[in-house]
Amino acid sequence: MILREAVENRRTELINKLIAFGVFKINEKHLFENSLGELEGEYNKFEGTEHPHSQLGSIRWFNKKANKMN
């Protein structure tokens, strides 16, 4: 039961995110007719192209220590 609820919650989350991207169908099927795997695949396509940092690659943080003058 818990697994089924988790799958349905993830499907709902992905459907909402895809709708926000303006996607309403995948391969002529309404979003709610697609499996979790199909929704994940379609979302991954949009996340890679529409994500605000997609053109920058990975963001890397550098820890630069200031030189201390004693």
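The rules we used
Residues numbered from 1 in each chain as written. Predicted model: local features only at pLDDT ≥ 70, side-chain atom pairs only at ≥ 80, totals over all residues. Heavy atoms only, no water. Phe/Tyr/Trp six-rings, centres within 6.5 Å; stacked < 30°, edge-to-face > 60°. Helix = DSSP H or I, 4+ residues; strand = E, 2+ residues; numbered from the N terminus. Core = buried A, V, L, I, M, F, W, Y, C linked by side-chain atoms within 4.5 Å. Buried < 20%, exposed > 50% of the residue type's maximum accessible area, 1.4 Å probe, protein only. Contact = heavy atoms within 4.5 Å.

> What is the right way to look at the packing of aromatic side chains in this model?
Two descriptors summarise a pair of aromatic rings, namely the distance from one centre to the other and the angle between the planes of the rings. In the structure shown here, the tally under the stated rule is one aromatic pair. For the ring pair F21 and Y43, a centre distance of 6.2 Å and an interplane angle of 40 degrees mean the geometry is tilted. Linking F21 in the loop between α1 (2-20) and β1 (25-26) with Y43 in helix α2 (residues 36-50), this pair joins segments that are 22 residues apart in sequence.

> Can you help me understand the nonpolar core in this one?
Soluble globular proteins: nonpolar side chains tend toward being buried together. Residues L14, I15, L18, V23, I26, L31, L39 and Y43 constitute the largest nonpolar core, which totals eight residues. Mapped by element, the contributors of at least two residues to this core are α1 and α2. A per-element tally of this core places α1 first, with three residues. Leave out the neighbours within four places in its chain, and L14 touches L36, L39, E40 and Y43.

> What's the story with unusual backbone geometry in this structure? I'm lost.
Non-glycine residue N27 carries a positive phi angle of around 50 degrees. Note that N27 resides in the loop between β1 and β2 (29-30). Notably, E28 is not glycine yet its phi reads approximately 65 degrees, a positive angle. Within the fold, E28 resides in the loop between β1 and β2.

> I would appreciate a short explanation of the environment of H30 in the present structure.
In this fold, H30 is placed in strand β2. Separated by 15 residues in sequence, H30 and I15 have C-alpha atoms that sit 9.8 Å apart. Residues contacting H30, with those up to four places away along its chain left out, are F24 and K25.

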